[in-house]
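# What the coordinates show
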Protein chains: 4
Amino acid sequence: MKKQVVAVIGGRSCTKKVEYLAQNLGKNLAKVVDVLVTGGLSGTMMAVCKGFKEEKGITIGILPSYDKKDANQYIDIAIPTGLGLARNVLVVKAADVVVALPGKAGTLSEIAYCLQFGIPVVSLRSWNIQGVVRAKTVRQTLEQVRQLLKEKAS
Amino acid sequence: MKKQVVAVIGGRSCTKKVEYLAQNLGKNLAKVVDVLVTGGLSGTMMAVCKGFKEEKGITIGILPSYDKKDANQYIDIAIPTGLGLARNVLVVKAADVVVALPGKAGTLSEIAYCLQFGIPVVSLRSWNIQGVVRAKTVRQTLEQVRQLLKEKAS
Amino acid sequence: MKKQVVAVIGGRSCTKKVEYLAQNLGKNLAKVVDVLVTGGLSGTMMAVCKGFKEEKGITIGILPSYDKKDANQYIDIAIPTGLGLARNVLVVKAADVVVALPGKAGTLSEIAYCLQFGIPVVSLRSWNIQGVVRAKTVRQTLEQVRQLLKEKAS
Amino acid sequence: MKKQVVAVIGGRSCTKKVEYLAQNLGKNLAKVVDVLVTGGLSGTMMAVCKGFKEEKGITIGILPSYDKKDANQYIDIAIPTGLGLARNVLVVKAADVVVALPGKAGTLSEIAYCLQFGIPVVSLRSWNIQGVVRAKTVRQTLEQVRQLLKEKAS
């Protein structure tokens, strides 16, 4: 049976504060879903994976390069696409629900793809674009994710 | 010698007013560059190609599907990528300068890629995201495109 | 820590005999590695996943379409790429070692990518191209896979 | 109106003899079609473009990298895909007919894609795989290409 998947997107560098937010998000997401997909790199991607692994979830990193070594240390399964930024499409399309953490244009392109595909995206202190669900805390985010996964499954 | 290339992005459906804007833009862009790249489909993409062909430029359509027949009738050379929305990366990366016309999330993803790649993007009544050059008229757009191409070439 | 990954490639339709071979291969591969990657569809891909799940391994299907429903029922995690045949690159690049089962041109393109990347590929009654390791039985295949994984890890 | 397109595939390094063959092929192909698509790099790709430009055809290079500077000097329009080897799909899919020159695994992957898509491929002293049309000389190749383009158009 297919496992439910959440993707978390966000910058490959971040402040300590956002890093803590991401790790906390990851830890709590692991109580909701089995599989976390990210772009597999550093910054917010690494922090959320670190948190997710604390609760023994499966982490998948969809990398822009051909080199599995580019994956952060909390990635269980690295998919080295070699597609460059075109891999952004794959990160969000793999997910039932997406959570956006703070990030720049790369994160914006991924949010845009969510909107185009109709994949629900919760923006946790990230871009405020028409169509995203906004959240200010990890707790609010988790409530939204739970609700959106339930709607998807039904 | 490599030819200079402008890409125009925008919605696959549009109002009559935007259609006229796009065609007018295309016609005038053909006086500035030899090659126009678009996503190859309908709406703004078709209108800008139509204008560009009035002045005998070369039009390239980078299609999401594998089917050349999806290209509009003003495309000279269709590149049927079969990549789906991942082809958005290719449309903007082919260009020295990008012009954004009104469009939805697909257009937003392409603007985001421009910002990430550092490709200059002129937003002609399209998304207002930090980092884009804004224009209200075809005339303003052409001035900006000329200036940006000159900077690129130097 | 990164998990070792084997990819199995082969036709999306196959004879009963090859289906049995694929299932038997999958069951035995699950004793060697934790993760199986395939193209996620029917035929050899489904049979090898079925065998792999008998031993509780994790199966990943890297799909050509955007539709997770295209994944066979033995796929745990579907990656719906929307890349069409370009997804063939991703299937083999995700793996430490590849096993090729009988298949047509799609399988040939994947073997060619293995050779180009330098990924070892065991051909179990599949294409005989210079550079592949040939095997006639599941047992021979497993010996080769074990040996190649050991070389990779060292 | 869509222009007819031929793609030429082959190694990114080659002997002087093959280089001459490729240049001669390019020069003669330009009398048959307006547009030549290649992978845009060195070796056979450069030589065929050089010949094609002698007769003023339009050359398109679909590059694996994001860097237009990777295109050889005879490319008019560079499409820097950033897709790595996945760009092989695009090279052949852009064409009505493909000609294969000598090359290694990369060329084999492209021939395999032709067979999978049903794009006719003439092998000029290249891989001998079931389904390709074989030719020994440029003259034979041109006869085949003319015939295959005619069948395609009808």
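About the cut-offs
Residues numbered from 1 in each chain as written. Chains lettered and ligands numbered in written order. Predicted model: local features only at pLDDT ≥ 70, side-chain atom pairs only at ≥ 80, totals over all residues. Heavy atoms only, no water. Contact = heavy atoms within 4.5 Å. Buried area = accessible area lost by both parts, 1.4 Å probe. Salt bridge = Lys/Arg side-chain N within 4 Å of Asp/Glu carboxyl O. Polar contact = N/O pair within 3.5 Å; in protein donor to acceptor, adjacent residues only side chain to side chain. Helix = DSSP H or I, 4+ residues; strand = E, 2+ residues; numbered from the N terminus. Nonpolar A, V, L, I, M, F, W, Y, C, P; charged D, E, K, R; others polar. Axes fitted to C-alpha atoms, helices over the stretch in contact; angles between N-to-C directions. Left-handed = near helix turned anticlockwise from the far one by under 90°. Disulfide = S-S within 2.5 Å. Buried < 20%, exposed > 50% of the residue type's maximum accessible area, 1.4 Å probe, protein only. Phe/Tyr/Trp six-rings, centres within 6.5 Å; stacked < 30°, edge-to-face > 60°. Lys NZ or Arg CZ within 6 Å of the ring centre and 35° of its normal. Pairing = 2+ DSSP bridges. Least-squares fit on C-alpha atoms with pLDDT ≥ 70 in both. Core = buried A, V, L, I, M, F, W, Y, C linked by side-chain atoms within 4.5 Å. Expected span 1.5 Å × (residues − 1).

Facing the 28 residues of chain C at the interface are 28 residues of chain A. Buried area between chain C and chain A, summed over both chains or domains, comes out near 2,200 Å², and the portion from carbon and sulfur atoms is 66%. Taken together, the connections running from chain C to chain A amount to 0 salt bridges. At the junction of chain C and chain A, the tally comes to 6 residue pairs in polar contact (both at pLDDT 80 or more). Listed by contribution, the elements that provide at least two residues to the side of chain C that touches chain A are strand S3 (58–63), strand S4 (77–80) and helix H3 (87–93) of chain C. If one sorts the elements of the side of chain C that touches chain A by residue count, S4 of chain C sits on top with 4 residues. Residues of the side of chain C that touches chain A, tallied by class, amount to 19 nonpolar, 3 polar and 6 charged.

Let us now look at the packing of helix H1 (residues 16–29) of chain D against helix H5 (residues 138–153) of chain D. Residue and element names in this part refer to chain D. Their axes nearest at 10 Å, the elements H1 and H5 cross at an angle of 35°. As H1 runs across H5, the sense of the crossing is right-handed. Side by side, H1 and H5 meet where Leu21, Asn24, Leu25, Asn28 and Leu29 of the first sit next to Val138, Thr141, Leu142 and Val145 of the second. Here the contact of H1 with H5 is composed, by residue class, of 6 nonpolar, 3 polar and no charged.

A separate point is the state of the cysteines. Across all of its chains, the model carries 0 disulfides over all chains by this definition. Cysteine Cys49 of chain A remains unbridged, with the sulfur of Cys14 of chain A as its closest cysteine sulfur at 12 Å. You can see Cys114 of chain C has no disulfide; the closest cysteine sulfur is in Cys49 of chain C, sitting 17 Å from it. Looking at Cys114 of chain C, the relative accessible area reads 0%, which means it is buried.

All names here are of chain B. Inspection of the secondary structure assignment puts Ile75 in the loop between strand S3 (58–63) and strand S4 (77–80). A relative accessible area of 0% places Ile75 in the buried class. It is 27 Å that separates the C-alpha atoms of Ile75 and Gly118, two residues lying 43 residues apart in sequence.

Moving on to the interface of chain D and chain B. On the side of chain B, 28 residues touch chain D, which itself brings 28 residues to the contact. Between chain D and chain B, the buried area comes to about 2,200 Å², and carbon and sulfur atoms account for 66% of it. Counting across the chain D and chain B interface gives 0 salt bridges. Connecting chain D to chain B are 6 residue pairs in polar contact (both at pLDDT 80 or more). The biggest single contributor to the side of chain D that touches chain B is strand S4 (residues 77–80) of chain D, with 4 residues. Taken together, the residues of the side of chain D that touches chain B sort by class into 19 nonpolar, 3 polar and 6 charged.

With that settled, consider the packing of aromatic side chains. If you walk through the whole model with that rule in mind, you get 10 aromatic pairs over all chains. Summarising the aromatic geometry, the rings of Phe117 of chain A and Tyr66 of chain C are spaced 4.9 Å apart at their centres and angled 70° between planes, so their arrangement reads as edge-to-face. You can see Phe117 of chain A sitting in helix H4 (residues 105–117) and its partner Tyr66 of chain C sitting in the loop between S3 and S4, one on each of two chains. On the basis of relative accessibility, which here comes to 21%, the residue Phe117 of chain A falls in the partly exposed class. Members of the aromatic cluster, joined through ring pairs, are Tyr66 of chain A, Tyr66 of chain B, Tyr113 and Phe117 of chain C together with Tyr113 and Phe117 of chain D. In this structure, Lys93 of chain C packs its charged tip against the face of Phe117 of chain C, placed 5.1 Å from the ring centre.

Turning our attention to the sheet that holds strand S3 (residues 58–63) of chain D. In any sheet, the strands associate via hydrogen bonds between backbone groups, in a parallel or an antiparallel arrangement. Residue and element names in this part refer to chain D. Taken in spatial order, the 7 strands make up an open sheet running S4-S3-S2-S1-S5-S6-S7, and their pairing is parallel. The sheet is open, and its two edges are formed by S4 and strand S7 (133–135), each paired on a single side. Direction aside, the axes of adjacent strands within the sheet are offset by 25° on average. Pairing analysis gives 3 bridges linking strand S6 (residues 121–124) to S7, with the strands arranged parallel. Counterpart to Ser123 in the pairing with S7 is Arg134. Strands in contact with helix H2 (residues 44–54) are strand S1 (5–9), strand S2 (35–38) and S3; relative to S2, the strand with the most contacts, it is inclined by about 170°.

Residues and elements named next belong to chain D. Tracing the backbone shows Thr38 in strand S2. Of note is the side chain of Thr38, whose polar atom sits 2.9 Å from the backbone nitrogen of Gly40. Apart from the residues lying within four places of it in its own chain, the contact partners of Thr38 are Val8, Met45, Val48, Cys49, Ile60, Gly61, Ile62, Ile75 and Val91.

Residue and element names in this part refer to chain C. A sheet is described by the order of its strands in space; here 7 strands give the open sequence S4-S3-S2-S1-S5-S6-S7, paired in parallel fashion. Either end of the sheet is taken by a strand with one partner, and the two such strands are S4 and strand S7 (133–135). Within this sheet the neighbouring strands show an average axis-to-axis angle of 25°, counted without direction. Strands strand S1 (5–9), strand S5 (97–100) and strand S6 (121–124) of the sheet are contacted by helix H1 (residues 16–29), whose axis makes an angle of about 180° with S1.

When glycine is set aside, most residues are seen to have a negative phi, and most peptide bonds are trans. Residues and elements named next belong to chain C. The phi angle at Lys56 is positive, at roughly 70°, despite the residue not being glycine. By relative accessible area, Lys56 is classed as exposed at 71%. Despite not being glycine, Arg125 has its phi angle at roughly 55°, a positive value. With respect to the helices, strands and loops of the structure, Arg125 is situated in the loop between S6 and S7.

The operation relating chain C to chain A is a screw motion whose rotation component is 180°, with 0.0 Å of axial translation and a residual RMSD of 0.0 Å. Such a turn and shift between the copies fits a two-fold axis. Most of the interface of chain C is mirrored in chain A, where 100% of its interface residues are also at the interface.

Looking now at the nonpolar core. Ile60 of chain A, Ile60 of chain B together with Ile60 of chain D are the most contacted members of the largest nonpolar core, which has 120 residues in total. Those residues within four positions of Ile60 of chain D in sequence are excluded, and the remaining contacts are Ile60 and Ile77 of chain B together with Val35, Leu36, Val37, Thr38, Ile75, Ile77 and Ile79 of chain D.

With that settled, the discussion passes to helix H4 (residues 105–117) of chain B. With 13 residues, H4 of chain B should reach 18 Å at 1.5 Å per residue; the first-to-last C-alpha distance of 18 Å fits that figure. Within H4 of chain B, 10 of the 13 residues are buried, which leaves the element mostly enclosed by the surrounding structure. Listed as buried for H4 of chain B are Ala105, Gly106, Thr107, Leu108, Ser109, Glu110, Ile111, Ala112, Tyr113 and Cys114 of chain B. Buried residues along H4 of chain B sit against helix H3 (87–93) and H4 of chain A together with strand S1 (5–9), helix H3 (87–93), strand S5 (97–100) and strand S6 (121–124) of chain B.

It is worth spelling out the environment of Lys53 of chain D at this point. Residue and element names in this part refer to chain D. Among the structural elements, Lys53 can be located in helix H2. What makes Lys53 partly exposed here is its relative accessible area of 24%. Placed 23 residues apart in sequence, Lys53 and Asp76 show a C-alpha to C-alpha distance of 9.1 Å. What Lys53 contacts, discounting residues up to four positions off in sequence, is Thr59, Tyr74 and Asp76. A polar atom in the side chain of Lys53 sits 2.7 Å from the side chain of Asp76.

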